[in-house]
Amino acid sequence: GVGAVPPPRYLRDVCRARWVDLSRLGRWPDVSLAAAGALRHGLRALRSLALDGNDVGGCPRALEAWCEAVEEHPGLQRLSLRDTGFTNASASRLAAALREHSVLFSVDLSSNRIGDAGVEALTGAVTENRVLLELGVEDTDATAAARNTLEAVLERNRGRFEGQGGCAKLLP
């Protein structure tokens, strides 16, 4: 059964879930790198991942491991990173991972310490990656002007799918 397989190994080798919630793990430092490796090298059926409440952005090794996993995962469509210790620097690193992702269309970075510089880096990623349709930055340190600029680019991306069934067309 599942109880006999260590969680990171289960995620990498056994799990066929389309949605995984790893939010608010009590032992995050102990499992973070292994869980990121599971996403990077397995979990190919996964479409939606929640990491809310874990310190992803505050630990450089964990941030890099998760960004590499996101870059390499072929089917991830939704990613929730609410209250995960993201700053301008970590948002900039994630923006680099998002620039060429071919199917990820929704990212939630709400409730993080991201300011205008981080939102500007994310806006650059959304400008280049027209698949991104949702990028939540509510309850961050960014000004209304930076958030409005991001929203305008997202609206342009969403306009590409009008009359085509919207986001439903992206999901298998």
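Before reading further, recall that the structure is shown in the block above.
Residues numbered from 1 in each chain as written. Predicted model: local features only at pLDDT ≥ 70, side-chain atom pairs only at ≥ 80, totals over all residues. Heavy atoms only, no water.

Side note on helix α2 (residues 28-41)
Then, number 1: Its 14 residues place the ends of α2 19 Å apart at the C-alpha level, agreeing with the 20 Å of an ideal helix rising 1.5 Å per residue.
Then, number 2: Those residues of α2 not exposed but buried are Trp 28, Ser 32, Ala 35, Ala 36, Ala 38 and Leu 39.
Then, number 3: Following α2 by one or two positions, Leu 43 adopts a phi angle in the positive range, close to 50°. (Helix = DSSP H or I, 4+ residues; strand = E, 2+ residues; numbered from the N terminus. Expected span 1.5 Å × (residues − 1). Buried < 20%, exposed > 50% of the residue type's maximum accessible area, 1.4 Å probe, protein only.)

Considering the packing of α2 against helix α3 (residues 60-72)
Then, number 1: In contact at an axis separation of 8 Å, α2 and α3 are set at 20° when each is read in the N-to-C sense. Accordingly, the angle class assigned to the pair α2 and α3 is roughly parallel. Regarding α2 and α3, the two cross each other, and that crossing is left-handed. Across the interface between the two elements, Trp 28, Ser 32, Leu 33, Ala 35, Ala 36, Leu 39 and Arg 40 from α2 touch Arg 61, Ala 62, Ala 65, Trp 66, Glu 68, Ala 69, Val 70 and Glu 72 from α3.
Then, number 2: Considering only residue class, the contact of α2 with α3 consists of ten nonpolar, one polar and four charged. (Axes fitted to C-alpha atoms, helices over the stretch in contact; angles between N-to-C directions. Parallel < 35°, antiparallel > 145°, perpendicular 65-115°, else oblique. Left-handed = near helix turned anticlockwise from the far one by under 90°. Contact = heavy atoms within 4.5 Å. Nonpolar A, V, L, I, M, F, W, Y, C, P; charged D, E, K, R; others polar.)

Focus on unusual backbone geometry
Then, number 1: Although it is not a glycine, Ser 111 sits at a positive phi angle of roughly 60°.
Then, number 2: Mapping Ser 111 onto the fold places it in the loop between β4 (106-108) and α5 (116-128).
Then, number 3: Located in the positive-phi region is Asp 139, a residue other than glycine, with phi close to 60°.
Then, number 4: Counting through the fold element by element, Asp 139 comes out in the loop between β5 (134-136) and α6 (144-159).

Describing the environment of Arg 93
Then, number 1: As for its position among the elements, Arg 93 is in helix α4 (residues 88-98).
Then, number 2: A relative accessible area of 18% means that Arg 93 is categorised as buried.
Then, number 3: Distance from Arg 93 to Leu 122, taken between C-alpha atoms, is 9.3 Å for residues 29 residues apart in sequence.
Then, number 4: Within polar-contact distance, the side chain of Arg 93 engages the side chain of Glu 64 at 2.8 Å. (Polar contact = N/O pair within 3.5 Å; in protein donor to acceptor, adjacent residues only side chain to side chain.)

Details of the sheet that holds strand β1 (residues 19-21)
Paired through their backbone hydrogen bonds, the strands of a sheet run either parallel or antiparallel.
Then, number 1: If you walk across this open sheet you meet the five strands as β1-β2-β3-β4-β5, and the pairing is parallel. In this open sheet, the two strands that pair with only one neighbour each are β1 and β5. Across this sheet, the average inter-strand angle for adjacent strands is 5°, counted without regard to direction.
Then, number 2: Where strand β2 (residues 48-50) meets strand β3 (residues 78-80), three bridges bridge the pair, whose relative direction is parallel. Within β3, the position partnered with Ser 48 by the bridge is Arg 78. (Pairing = 2+ DSSP bridges.)

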